[in-house]
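# Per-entry structural report
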There are 2 protein chains.
Amino acid sequence: MRATLMYGAGDVRVEEVADPTIEEATDAVIRVTYACVCGSDLHPYHSLEHTPEGRRMGHEAIGVVEEIGEDVRTLAVGDTVIVPFAWSDNTCVFCRDGITTSCVHGGFFDGAGSATQAERLRVPQADGTAVVVPAGTDEALMPSLLTLSDVYLTGHHAAHRGGVAPGKTVVVIGDGAVGLSAVLASRQLGAEKIILMGRHEARTSLGRDFGATHVVAERGDEGVTRVLDLTGGEGAHVVLEAVGHMPAYEQAYRIVRPGGVISRVGVPQYEDAPVGFTSLFGKNATLTGGPATIRAYIEAALPQVLDGSIDPGRVFDRELPLSEIAEAYRLMDSREALKVLIRP
Amino acid sequence: MRATLMYGAGDVRVEEVADPTIEEATDAVIRVTYACVCGSDLHPYHSLEHTPEGRRMGHEAIGVVEEIGEDVRTLAVGDTVIVPFAWSDNTCVFCRDGITTSCVHGGFFDGAGSATQAERLRVPQADGTAVVVPAGTDEALMPSLLTLSDVYLTGHHAAHRGGVAPGKTVVVIGDGAVGLSAVLASRQLGAEKIILMGRHEARTSLGRDFGATHVVAERGDEGVTRVLDLTGGEGAHVVLEAVGHMPAYEQAYRIVRPGGVISRVGVPQYEDAPVGFTSLFGKNATLTGGPATIRAYIEAALPQVLDGSIDPGRVFDRELPLSEIAEAYRLMDSREALKVLIRP
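Residues numbered from 1 in each chain as written. Chains lettered and ligands numbered in written order. Predicted model: local features only at pLDDT ≥ 70, side-chain atom pairs only at ≥ 80, totals over all residues. Heavy atoms only, no water.

This next bit is on unusual backbone geometry. Of note in this structure, A:R335 is not a glycine but carries a positive phi near 65°. Structurally, A:R335 is set in the loop between α11 (325-333) and β19 (340-343). On the basis of relative accessible area, A:R335 is assigned to the partly exposed category, the value being 46%. The phi dihedral of B:Q125 falls on the positive side, at around 45°, and the residue is not glycine. Residue placement: B:Q125 occurs in the loop between β9 (120-123) and α3 (126-129). (Helix = DSSP H or I, 4+ residues; strand = E, 2+ residues; numbered from the N terminus. Buried < 20%, exposed > 50% of the residue type's maximum accessible area, 1.4 Å probe, protein only.)

Given below as structure tokens:
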């Protein structure tokens, strides 16, 4: 089959690789019908060292079940399924807590293992991982359903862990697809004021459609001043950090209200950060977030997409065939595209 | 009057200073009847640079009102009051949120300003800050009531912000007076399992009296292994960090359960710390805590002390007159005393 491999920063190729097969009795193999490029794929696109064997890419997919292992009970060949970016058994002690990304039998697609920017995908722990889309679902809904494999529910994870609720003032840092998803999720959770920090007008315009009540284009000191102005000098109850770089983190603790929450879903491109008296501790700020526990949210979000109450698929502003995925990376890296849908 | 001044690391003296007076119409002046030395006082005791003018010390007090400003409404001369370590108006937007340590008219005793290890104390924002102890209260309860000015309610703050509740497994790092208070507060909040990490037997023994179900004397890798053993390999739902040094922070993120909470009340002696994928982010751990919002908790805790349901004053294992406070610092620094009550 054809699959996407990255050989180093900026070097993305589609090549023939071996078809995936059932390796464990709990596996399924799917034919990928929808995939996409994630903002987090741009991190290796910037920094991956030369990798002679290539790194398999992609962790978001919708597909059709082609084969199942003998222990798989809830899926049948022919089912259309959503596959979250992490697999999980959905039964272990951490899955029962809702922390499916810490599943004791879990793992992350992408990297050395199974990856979704390809024609086929091996899905470990298939019963726990894949969620069936009702037969007969309108094909036009597939982009929105695909966002339930990562981007929309990553925005939702930020908002949920941050405690977004009616009456709250929320700041979303980052106008990428995750940030815009966090805006939409915050609206769904009833936030009163949603301030989107971003400066790409096409994106912040979609952010307003998704529910942002204010847009702040400024960054750094000016950005802090603007947010404080918009919050009566008090700061935001909840700051959703959807970038992952240190300036966004610094922005976050400067605009969070005393006693407020910073919720991160941008994969941190740093390990150490300020947490002492002058950043988090002094104002009793809480820092939360992590890899989105997508699987715990899909059942609740699926009907919202099916009945049209949310349309998170609007983050896709381009579509390309798998053969042109290198162009998809380029378009997203140059910010010519917000998020590119891939049809294998 | 006599007051405690620190002139540099290890150099604590009692000297004559000017009596405090009413400076603002919202002030009160109290005669301090009970004070004490705090674990956090040991930080400058270790590291204060030579300070020719001396630094006034102390932030925990019970006293009798001697004088009130003309705007003070809720206090009368002769009232016995508990004074939290931070003053606050108890009416501003952050006080109404319960984040009294971020009061817009607030501040912290100690340091350059008013301080409690002295015969008299000026209490700013007296109506908001001081809480009256019912007339006729048994003098034997005063040590426990004094802990409501900081140490017990700092332990409670850790537990409250950490979400300690029935069914939770809690680890308390640190067997100082705040750590032991955190144990007692966790028991009050219904924790199922309370693991106290500390290696001073007299202290951990009091910790068991306060509700610790297990004591772990090991630190570092061994401490991590022991806690994981005691939690079925899962880690603790809540880790209360009552030390403030980096090894305690590192211990915390290594033993917190995926999706769990680290709540800090030890004043961090660092600004930067690990928060990235391999520490907090990867397992969706939450970091919370800060200066304890004592004032928001006193009304609920006062009756518990008065009716004997908690006895947090057991953390005081020595009592000295103000004139011997240098010895109190020495005893606490050498760990010969857990916490020393001071009678001015």
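That shown, we press on.
This next bit is on the sheet that holds strand β2 (residues 11-16) of chain A. Residue and element names in this part refer to chain A. Taken together, the three strands give an open sheet; going across it, the order is β2-β1-β4, and neighbouring strands pair in antiparallel fashion. Each edge of the open sheet is held by one strand with a lone partner, namely β2 and β4 (55-56). By the bridge criterion, six bridges tie strand β1 (residues 2-8) to β2 in an arrangement that is antiparallel. By the bridge assignment, L5 is partnered in β2 with R13. With respect to the sheet, α11 is in contact with β1 and β2, its orientation differing from that of β2 by roughly 160°. (Pairing = 2+ DSSP bridges. Contact = heavy atoms within 4.5 Å. Axes fitted to C-alpha atoms, helices over the stretch in contact; angles between N-to-C directions.)

So, on to the relation of the copies chain B and chain A. If you rotate chain B by 180° and push it 0.0 Å along the axis, it lands on chain A with an RMSD of 0.0 Å. Such a combination of rotation and displacement between the chain copies is what one expects of a two-fold axis. When each C-alpha of chain B is compared by its distance to the rotation axis, B:L287 comes out closest, at 2.5 Å. (Least-squares fit on C-alpha atoms with pLDDT ≥ 70 in both.)

All names here are of chain A. Put simply, helix α5 (residues 151-161) and helix α6 (residues 177-188) touch, their axes get as near as 7 Å, and they point 60° apart. In terms of orientation, α5 and α6 fall into the oblique class. Seen along the crossing, α5 lies across α6 with a hand that is right-handed. Of α6, the residues touching α5 (which contributes V151, Y152, T154, G155, H156 and A159) are A177, V178, S181, A182, L184, A185, S186 and Q188. (Parallel < 35°, antiparallel > 145°, perpendicular 65-115°, else oblique. Left-handed = near helix turned anticlockwise from the far one by under 90°.)

Counting from both sides, the interface comprises 40 residues of chain B and, opposite them, 40 residues of chain A. For the chain B and chain A pair, buried surface summed over both sides reaches about 3,200 Å², with 55% attributable to carbon and sulfur atoms. When residues of chain B are sorted by the area they lose upon contact with chain A, B:E271, B:F281 and B:N284 head the list and together hold 22% of the total. In this assembly, chain B and chain A are joined by two salt bridges. In this structure, the salt-bridge partner of A:D97 is B:R257, at a minimum N-O distance of 2.7 Å. (Buried area = accessible area lost by both parts, 1.4 Å probe. Salt bridge = Lys/Arg side-chain N within 4 Å of Asp/Glu carboxyl O.)

All names here are of chain B. Taken in spatial order, the three strands make up an open sheet running β2-β1-β4, and their pairing is antiparallel. Two strands bound the open sheet, and with one partner strand each, they are β2 (11-16) and β4 (55-56). Sheet topology note: the strand β1 (residues 2-8)/β4 ladder contains two bridges and is antiparallel. Bridging from a neighbouring strand, M6 pairs with R55 of β4. Helix α11 (residues 325-333) rests against β1 and β2 of the sheet, and its axis sits at about 160° to β2.

Below, the discussion takes up the nonpolar core. With 50 residues, the main nonpolar core has A:I82, A:L145, A:L148, A:L153, A:V172 and A:L240 as its most contacted residues. Of all the elements, α6(A) adds the most residues to this core, at seven residues. When residues are assigned to domains, this core turns out to be shared by domain 1 (2-150 + 293-343) and domain 2 (155-289) of chain A, each giving three or more. Contacts of A:L240, omitting those with residues within four sequence positions, involve A:A158, A:A159, A:V164, A:V170, A:V171, A:V172, A:I173, A:A182, A:S186 and A:S263. Residues B:I62, B:A182, B:L302 and B:L341 belong to the second largest nonpolar core, which totals 49 residues. (Core = buried A, V, L, I, M, F, W, Y, C linked by side-chain atoms within 4.5 Å. Domains from an automatic or database assignment.)

Here the focus is helix α8 (residues 220-230) of chain B. All names here are of chain B. Those residues of α8 that fall on the buried side of the exposure criterion are G223, V224, V227 and L230. Down the axis of α8, the sector holding all buried residues measures 130°, keeping them to one side. Away from its buried face by more than 90 degrees, α8 exposes D221, E222 and D229. Here the buried face of α8 lies against β11 (169-173), β12 (193-197), β13 (214-216) and α9 (246-255). (Arc of directions from axis to C-beta.)

Before going further, it helps to spend a moment on the environment of B:E271. Within the secondary structure layout, B:E271 lies in the loop between β15 (256-264) and β16 (272-274). Its relative accessible area of 28% is what places B:E271 among the partly exposed residues. Distance in space between the C-alpha atoms of B:E271 and B:K193 is 31 Å, their sequence separation being 78 residues. With residues up to four places along the chain from it excluded, the contact list for B:E271 reads A:A273, A:P274, A:V275, A:G276, A:F277, A:T278 and A:S279.

Okay, the packing of aromatic side chains next. All names here are of chain A. Applying the stated rule across the entire model yields twelve aromatic pairs over all chains. One aromatic cluster in this structure is built from Y249, Y253 and Y270. Its guanidinium or amino end placed over the ring of Y34, R343 lies 4.0 Å from that ring's centre, counting from NZ or CZ. (Phe/Tyr/Trp six-rings, centres within 6.5 Å; stacked < 30°, edge-to-face > 60°. Lys NZ or Arg CZ within 6 Å of the ring centre and 35° of its normal.)

Turning next to the domain arrangement of chain A. Residue and element names in this part refer to chain A. You can read the domains of chain A as domain 1 (2-150 + 293-343) and domain 2 (155-289). The centre of domain 1, based on its C-alpha atoms, is set 27 Å off from the matching centre of domain 2. For the domain 1 and domain 2 pair, buried surface summed over both sides reaches about 1,500 Å², with 60% attributable to carbon and sulfur atoms. Between the two partners, domain 1 and domain 2, sit one salt bridge. The partner of D209 in a salt bridge is R314, with the nearest N and O atoms 2.7 Å apart. At the junction of domain 1 and domain 2, the tally comes to five residue pairs in polar contact (both at pLDDT 80 or more). (Polar contact = N/O pair within 3.5 Å; in protein donor to acceptor, adjacent residues only side chain to side chain.)

It is worth spelling out helix α8 (residues 220-230) of chain A at this point. Looking at the buried side of α8(A), the elements it contacts are β11 (169-173), β12 (193-197), β13 (214-216) and α9 (246-255) of chain A. Where α8(A) ends, the next residue or the one after it, A:G232, has phi of about 60°, a positive value.

Every disulfide links exactly two cysteines, by a covalent bond between their sulfur atoms. Here the structure, examined in full by the defined rule, presents zero disulfides over all chains. Distance from the sulfur of A:C92, which forms no disulfide, to the nearest cysteine sulfur (A:C95) is 3.8 Å. The class for A:C92 is buried, based on a relative accessible area of 7%. You can see B:C36 has no disulfide; the closest cysteine sulfur is in B:C38, sitting 7.2 Å from it. (Disulfide = S-S within 2.5 Å.)

With that settled, consider a nonpolar patch on the surface. The grouping of A:F108, A:V267 and B:F277 at the surface amounts to a nonpolar patch, some 230 Å² of accessible area in total. Mapped onto the secondary structure, B:F277 falls in the loop between β16 and β17 (286-289). Among the residues examined, B:F277 registers a relative accessible area of 38% and is labelled partly exposed. (Patch = residues over 30% accessible without salt bridge, like charges linked within 9 Å, V, L, I, M, F, W, Y side chains within 5 Å. Areas by Shrake-Rupley, 256 points an atom, 1.4 Å probe, with all protein chains shown as cover.)

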